[in-house]
Amino acid sequence: MSFPAISAQAVTKTYKSFRSSVRALTDVSFTVQPGEVVGLIGPNGAGKSTLLRILLGYLPSDNGASVSIFGRLPDELEVRSWTGYQADSVFRSPQIAVRKFLEFHSELLGSLGSASQVDEFLTAFTMTGSAGRSLTSMSKGMRQKVELILAFLGRPKIVFLDEPTASLDPPSVFELREFLAQQKAKGVTIFFSSHNLTEVENICSRVLFINDGRLVADYPMEGRAQGFLEEAFRRHLVERRVA
Amino acid sequence: MSGRFLTLMRMELRRLMTPVGIAMPIFMLALTGLFAVLEARSAKNVDATRLLSNLISGFTLPFIAPLLGGGMVAWDVKDHWLRTLLMRPMTRTEYLMSRILALYFLTALSVVVITVIAIVAAGAIAEKEIAWNLGRFLPMLLFLLCHGYMIVLLMALLSCWTPGIFNVAMLIFWAIASASVGALVGSFKWDSAILTVGRDFLFPSGFLDAVETMSREGGDIWPHLVWGIASAFGFTGVTIWSINRMNVEGGTE
C-alpha cells in the first residue's frame, strides 16, 4: 500500500495563553505525493512556520486534525530518520566546527549517514574550504548552507525547507537550485516555505497559498507563465483587504 | 547504551569545554586549596573527611555545578540545539540524560580532582600530616558525588520551566529557604513529629545528610540514603516528564 508523502487533514492550531488565544491555522487540508516539490507561500504571519512545525511533529495540532508522513505520525522516531529539515533559525557554537557538526549528525543517523556524503555535500555547496571553521565564525549565508546540508544528510525521503534562499547570495542560490533538481531526480519529496516567488516558480511543481491561517489556493505550476505567483499573491492580498 | 547515545554524550562534553567550563574548575581549585591551607594551619593535621564534609560539600560542589550548568535546558532551547537534535531519531529523554550525565561527569571529575589536590596541597603547604581515613573518606566522597547528581538534576528540572540561568537562582532560593525553615523547625518545633518529618521533604538532601551523619561519626545513614535514592529516581522522573512537555521552538507549552 502506498501512502502520500504528506497527508494533512483538518489541521487547526490555536496558541493559548493565560490572557488570550490566537488561531494560527484553520482547517488546513492537503496531500503531497511522493516525489513532488511543493512550495508554501503566504504573507508574514499567515501560519507557514506553524504548519511546518506541525508537519515535523514539533507542535501538536488541535484535536480533530490528522497529520501523517508516508502514513506514519510525524513525531515517530523512524520517521525522523528519513525526514530532513532546514530551519530558519540556526544553532551556533564556537566549540564545534562545520565538519564535526555534520559528521555528528551523520553519526546520529546511524547506518544512513556517512563521512563521504558529508564531503560530497560540502563540495556541492562549495564549502570544503570552510569545513574547519567554527559554527559561530560563519556568515549568515554560509551557516544557512550548513543547515541545508543537514536537511539532506542520510537518505531522506522527504525534506522540509523553511526560507532556504533567505540569506543566500546569487551563486549559492544557483547551487541550491541545481542541488534541489538533483534531489528531485532522486525522488526526494521537497516541501518548502518561501517568500521568494521566483524561486518557488522555478523549483516547484505545485504551490500552496496560505493566508490568515487558511489554505486559500493550491496551484499546479506546470505551464504557468513567469510572474503568475506574484499576480496571484497580489490578488489574494486585495481579497484579504476587501474582506 | 546505544552508539547514538554515546555520540551525543561526546558532543555534550565537547560543548561543555568552553573557556568558562575550563576556567571554573581551575578557579574553584584555587579557592578550595586556599581555604584548605588556611584551615590546615590552625589544625593539628589535615583531616580529609572534615574537609570533605565542610569545604567540599558546603562550598566547592554547590558552586561548581551551577557555574558549569546554569540554564542548561533553557539555553539549549533558545539557541536551537534541542530542535537540531530532534531532527534526528533521538528522544527527548535521550537528550536530557546525555546532557545531565555529561554535566555530571564534568562536575564529579572536577570535585574529585579538586578534593584530592586541595587536601594534598594543604598538607604540603601547611606542613601537616594528612589523615585520610579512607574507610570513611571514600563512602563520604561517593555520597557527595550522588548529591552532585541531585544538584545537576534539579538544575535540569528547573531549567525546563524557567528561562536563562534563572534555574540557578531558584535552586539557591530553594536550598536557602528549606535550610531556614529546617533550622526554625529544629530550634522551635523540635517536639513536633509531623514538622520534623516534613522538614526532610523540603529539599532532596538525603545524600548530603548521609555525608554529615558520617562526618559526625554518629547516627544511622541508611534512612538518609534511602531518601536520597528515592528522591534521585523521583526527580529524574519529573524531569523527564518536564522535557517531554516542552515546546522545542520556544518554551513550555
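One can find the structure itself at the top, above this paragraph.
Attention here is on the structure that accompanies the text.

Rules and cut-offs
Residues numbered from 1 in each chain as written. Chains lettered and ligands numbered in written order. Predicted model: local features only at pLDDT ≥ 70, side-chain atom pairs only at ≥ 80, totals over all residues. Heavy atoms only, no water. Helix = DSSP H or I, 4+ residues; strand = E, 2+ residues; numbered from the N terminus. Rg over C-alpha atoms; globule rule 2.2 N^0.38 Å. Buried < 20%, exposed > 50% of the residue type's maximum accessible area, 1.4 Å probe, protein only. Contact = heavy atoms within 4.5 Å. Areas by Shrake-Rupley, 256 points an atom, 1.4 Å probe, with all protein chains shown as cover. Lys, Arg positive; Asp, Glu negative; His and termini not counted. Charge placed at Lys NZ, Arg CZ, Asp CG, Glu CD. Pairing = 2+ DSSP bridges. Core = buried A, V, L, I, M, F, W, Y, C linked by side-chain atoms within 4.5 Å. 1 Å grid on protein atoms, 1.4 Å probe; cavity = no way out; pocket = protein on both sides within 12 Å on 5 of 7 lines; lining within 4 Å. Points joined across faces, edges and corners; volume = space filled by probe spheres on them. Nonpolar A, V, L, I, M, F, W, Y, C, P; charged D, E, K, R; others polar.

### Brief notes about the overall build of chain A
Item 1. When its secondary structure is counted, chain A shows eight helices and nine strands.
Item 2. Taken over the C-alpha trace, chain A has a radius of gyration of 18 Å; the compact-globule value for 243 residues is 18 Å, and the two agree within 12%.
Item 3. Dimensions of chain A, computed from the C-alpha atoms along their principal axes, are close to 55 × 45 × 40 Å.
Item 4. Looking at chain A as a whole, 54% of its 243 residues qualify as buried.
Item 5. Look at the contacts in chain A between residues 6 or more apart in sequence, and 68% of them connect residues 24 or more apart.
Item 6. Carbon and sulfur atoms provide 51% of the accessible area of chain A, an area that totals close to 10700 Å².
Item 7. One way to put it: in chain A the 27 positive side-chain charges average out to a point 5 Å from where the 25 negative ones average out.

### Topic: the pairing of strand β3 (residues 37–41) of chain A
Residues and elements named next belong to chain A.
Item 1. Burial within β3 is extensive, with five of its five residues counted as buried.
Item 2. Burial along β3 is two-sided: Val 37, Gly 39 and Ile 41 facing one way and Val 38 and Leu 40 facing the other are all buried.
Item 3. Bridge count between β3 and strand β7 (residues 189–193): four bridges; the pairing is parallel. Looking across to β7, one finds that Gly 39 is bridged to Phe 192.
Item 4. Pairing of β3 with strand β8 (residues 206–211), which is carried by four bridges, proceeds in the parallel orientation. Opposite Val 38, over in β8, you have Arg 206 as the bridge partner.

### Quick notes on the nonpolar core
Item 1. In this structure, A:Phe30, A:Phe152, A:Phe160 and A:Phe191 are the most contacted members of the largest nonpolar core, which totals 154 residues.
Item 2. If you tally residues by element for this core, the top one is helix α7 (residues 134–161) of chain B, at 17 residues.

### Notes on the layout of surface pockets
All names here are of chain B.
Item 1. Estimates place the volume of the largest pocket at around 780 Å³.
Item 2. Ala 175, Ser 178, Ala 179, Phe 203 and Leu 208 are, among the 26 residues lining the largest pocket, the residues nearest its centre.
Item 3. Listed by contribution, the elements that provide at least two residues to the lining of the largest pocket are α3 (48–69), α7, α8 (166–188), α9 (193–200) and α10 (206–215).
Item 4. Considering every element that reaches the lining of the largest pocket, the biggest residue donor is α8, with nine residues.
Item 5. Its residues assigned to classes, the lining of the largest pocket shows 16 nonpolar, six polar and four charged.

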